[in-house]
Amino acid sequence: MSAGHGGGAYGSRERVLARVRRALADVPRAERPADVPVRRAYREVHGERTPAQTVDLLAGNLADYRAVVHRVAEDGLPLLLMRLLAARGALSVLVPPGLPPWWTAAVDATRVHDRAASTPRELDAVDSVVTGCALAVAETGTVVLDGGPDQGRRRITLVPDHHVCVVRVPDQVVGSVPQALARLDPRRPLTWISGPSATSDIELDRVEGVHGPRTLEVVLLETPPGGRRP
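Residues numbered from 1 in each chain as written. Predicted model: local features only at pLDDT ≥ 70, side-chain atom pairs only at ≥ 80, totals over all residues. Heavy atoms only, no water.

A.B. asks: Can you help me understand the sheet that holds strand 9 (residues 191–193) in this one?
C.D. replies: Backbone-to-backbone hydrogen bonds pair the strands of a sheet. The strands run either parallel or antiparallel. Spatially, 8-5-6-9 is the arrangement adopted by the 4 strands of the open sheet, whose pairing is mixed. Taken across any chain shown, the strands that pair with only one partner, and hence form the sheet edges, are strand 8 (173–174) and strand 9. Inspection of the sheet shows strand 6 (residues 142–145) paired to strand 9 by 3 bridges, in the antiparallel sense. If you follow leucine 145 over to strand 9, its bridge partner there is threonine 191. (Pairing = 2+ DSSP bridges. Helix = DSSP H or I, 4+ residues; strand = E, 2+ residues; numbered from the N terminus.)

As structure tokens, then:
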């Protein structure tokens, strides 16, 4: 049975267009969108927080998205990464070219380098990947990668099933998405990660690992000013 002109999708479309026509009734025909400045007075960040409170908010929101969060000082990072990869049973770990060597100095696993020639099958055979990040957004619990030297090609964080991402705090933590956009280069390949890869079917059954790693571990690396290692 087909819908008449007064109902169904056709009727809805006409109602929407009629509202648009009414809204534009007093707009001069020669006027263009660029002729009218748009006031953008929205808040850049919600509330006031100290750097420590911003990091705490990030940790809480990351956990809400089912990422596993760890906090560690610089001198404890090599042993923490060794422990995380050993607990995973990782025999191979993919490392970007600019990853600081001291991060994985204690790791007992075969290092696989980020190569353009690597096939998806080869990347899928890697047990874990360890990367840095461009920054992290506290209000949304999001880690952002931009393909920097300590992050490598985008695909190395999408194919392996286990991703350990190191965030230097507080330097790499911002409060909000607008603050993040102000610091990021839009010309770079940006990947925004909020928890491990997951999706839901029509029955709302959660399935993890469809579009990326099933397990995301985020290490909040405390780097006091002046005491930072390369």
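A.B. asks: It is not clear to me how the pairing of strand 12 (residues 215–222) should be interpreted in this structure. Could you clarify?
C.D. replies: Two faces, one strand: in a regular strand the side chains alternate between the faces of the sheet. The buried fraction of strand 12 is high, at 6 of 8 residues. Sheet topology note: the strand 1 (residues 68–73)/strand 12 ladder contains 6 bridges and is parallel. Along strand 12, the bridge assignment pairs histidine 70 with valine 219. Across 8 bridges, the pairing between strand 7 (residues 162–169) and strand 12 is parallel. Directly across from valine 166, in strand 12, lies its bridge partner valine 219. (Buried < 20%, exposed > 50% of the residue type's maximum accessible area, 1.4 Å probe, protein only.)

A.B. asks: Sorry, what's going on with the sheet that holds strand 1 here?
C.D. replies: Ordered in space as 1-12-7-4-2-3, the 6 strands form an open sheet in which the pairing is parallel. Because the sheet does not close on itself, it has two edges, and the strands there are strand 1 and strand 3 (110–113). Neighbour-to-neighbour, the strand axes of the sheet open up by a mean angle of 25 degrees, direction not taken into account. Contacts from helix 2 (residues 51–64) reach strand 1, strand 7 and strand 12, with the element oriented near 150 degrees to strand 1. Packing against the sheet, helix 3 (residues 77–88) makes contact with strand 1, strand 2 (92–95), strand 4 (128–131), strand 7 and strand 12, and its axis sits at approximately 170 degrees to strand 12. (Axes fitted to C-alpha atoms, helices over the stretch in contact; angles between N-to-C directions. Contact = heavy atoms within 4.5 Å.)

A.B. asks: Any chance you could explain the pattern of salt bridges here in plain terms?
C.D. replies: Two side chains that carry opposite charge are able to pair once their charged atoms sit near each other. Per the stated rule, a full pass over the model turns up 10 salt bridges. The closest approach of N and O atoms between aspartate 146 and arginine 188, which form a salt bridge, is 3.6 Å. With a gap of 42 residues between them, aspartate 146 in the loop between strand 6 and strand 7 and arginine 188 in the loop between helix 5 (177–183) and strand 9 connect regions that are remote in the sequence. According to the relative accessible area criterion, arginine 188 is partly exposed, its value standing at 33%. Where arginine 187 meets aspartate 185, a salt bridge forms, and the shortest distance between an N and an O atom there is 3.0 Å. Since its relative accessible area comes to 75%, arginine 187 is described here as exposed. Residues participating in the shared-partner salt-bridge network are Arg88, Asp161 and Arg214. (Salt bridge = Lys/Arg side-chain N within 4 Å of Asp/Glu carboxyl O.)

Purely spatial values, then, with no claim about function.
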